[in-house]
Amino acid sequence: MANSIPAAVKVVGTPGPAGRSSPEGSQVLSKKKLQDLVREIDPNEQLDEDVEEMLLQIADDFIESVVTAACQLARHRKSNTLEVKDVQLHLERQWNMWIPGYGSDEIRPFKKACTTEAHKQRMALIRKTTKK
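Residues numbered from 1 in each chain as written. Predicted model: local features only at pLDDT ≥ 70, side-chain atom pairs only at ≥ 80, totals over all residues. Heavy atoms only, no water.

*Asks:* Tell me about the overall build of the chain, residues and numbers included.
*Replies:* Helix and strand counts for the chain stand at 4 helices and 0 strands. Along its sequence from the N terminus, the chain presents helices and strands in the succession α-α-α-α. Looking at the chain as a whole, 22% of its 132 residues are labelled buried. In the chain, the share of contacts with a sequence separation of at least 24, taken over all contacts with a separation of at least 6, comes to 37%. As displayed, the chain has an accessible area near 10,400 Å², and 56% of this comes from carbon and sulfur atoms. (Helix = DSSP H or I, 4+ residues; strand = E, 2+ residues; numbered from the N terminus. Buried < 20%, exposed > 50% of the residue type's maximum accessible area, 1.4 Å probe, protein only. Contact = heavy atoms within 4.5 Å. Areas by Shrake-Rupley, 256 points an atom, 1.4 Å probe, with all protein chains shown as cover.)

*Asks:* Talk me through the packing of aromatic side chains; I want residue IDs and the actual numbers.
*Replies:* To describe a pair of aromatic rings, you give the distance between the ring centres and the angle between the ring planes. Counted by the stated rule, this structure contains 1 aromatic pair. With a centroid separation of 5.0 Å and an interplanar angle of 75°, the aromatic rings of F62 and W95 are classed as edge-to-face. One end of the pair, F62, is in helix 2 (residues 49-76); the other, W95, is in helix 3 (residues 84-95), with 33 residues separating them in the sequence. Residue class for W95 comes out partly exposed when judged on its relative accessible area of 43%. (Phe/Tyr/Trp six-rings, centres within 6.5 Å; stacked < 30°, edge-to-face > 60°.)

*Asks:* Outline the side chain of K31, listing residues and values.
*Replies:* Counting through the fold element by element, K31 comes out in helix 1 (residues 31-41). Within the structure, the side chain of K31 is placed 2.7 Å from the side chain of E53, a separation counted as a polar contact. (Polar contact = N/O pair within 3.5 Å; in protein donor to acceptor, adjacent residues only side chain to side chain.)

*Asks:* So what's going on with helix 3? Which residues, and what values?
*Replies:* Compared with the 16 Å implied by 1.5 Å per residue over 12 residues, the 16 Å span of helix 3 between its first and last C-alpha is a close match. Within helix 3, burial applies to D86, Q88, H90, L91 and E92. Those residues of helix 3 hidden inside the fold are in contact with helix 2. Among the residues trailing helix 3, N96 stands out with phi positive, at a value near 55°. (Expected span 1.5 Å × (residues − 1).)

*Asks:* Break down the pattern of salt bridges for me, with residues and values.
*Replies:* Counting across every chain of the model gives 7 salt bridges. E83 is the salt-bridge partner of K85, the closest N and O atoms lying 3.8 Å from each other. Members of the salt-bridge network, linked through shared partners, are R77, E83, K85 and D86. (Salt bridge = Lys/Arg side-chain N within 4 Å of Asp/Glu carboxyl O.)

*Asks:* Which residues make up a negative patch on the surface, and what are the values?
*Replies:* On the surface, D42, E45, D48 and D50 cluster together into a negatively charged patch. Mapped onto the elements of the fold, E45 is located in the loop between helix 1 and helix 2. Judged by its relative accessible area of 40%, E45 is partly exposed. (Patch = residues over 30% accessible without salt bridge, like charges linked within 9 Å, V, L, I, M, F, W, Y side chains within 5 Å. Lys, Arg positive; Asp, Glu negative; His and termini not counted. Charge placed at Lys NZ, Arg CZ, Asp CG, Glu CD.)

*Asks:* Explain the packing of helix 2 against helix 3 to me, and be specific about the residues and the numbers.
*Replies:* Two elements in contact, helix 2 and helix 3, have axes separated by 8 Å at closest approach and are oriented at 115°. The orientation of helix 2 with respect to helix 3, classified from their angle, is roughly perpendicular. Of the two possible hands of crossing, helix 2 and helix 3 adopt the one that is right-handed. In this structure, helix 2 contributes F62, S65, V66, A69, A70, L73 and A74 to the contact, and helix 3 contributes D86, V87, L89, H90, L91 and W95. (Axes fitted to C-alpha atoms, helices over the stretch in contact; angles between N-to-C directions. Parallel < 35°, antiparallel > 145°, perpendicular 65-115°, else oblique. Left-handed = near helix turned anticlockwise from the far one by under 90°.)

See the structure below:
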């Protein structure tokens, strides 16, 4: 599976033909929007240029990874169409995120099994014996 993104889906911010990222105008989160968000949280806070660039890059990487994983889920269901439920499933399972207004009865909350005290003790014993 060389390219996990269907041809019909173009991810914003992915490298173009020459390996360069798309221009800033196609980013989902612009510097202006980021600065507005920071001002909402703390009106006195000012981000350094490097910090802004890093946060924008992290946002782009996050969006790209979510879309890629959601496309894989769509392919798994034998579909060429990326649907909201694919993105929703990935965000819920991998990031423990629920997007308000996009709730569905189809997708139930998924919780990883918590480790019991007995399991913790067994793991501690295993670690202790492997250190020797």
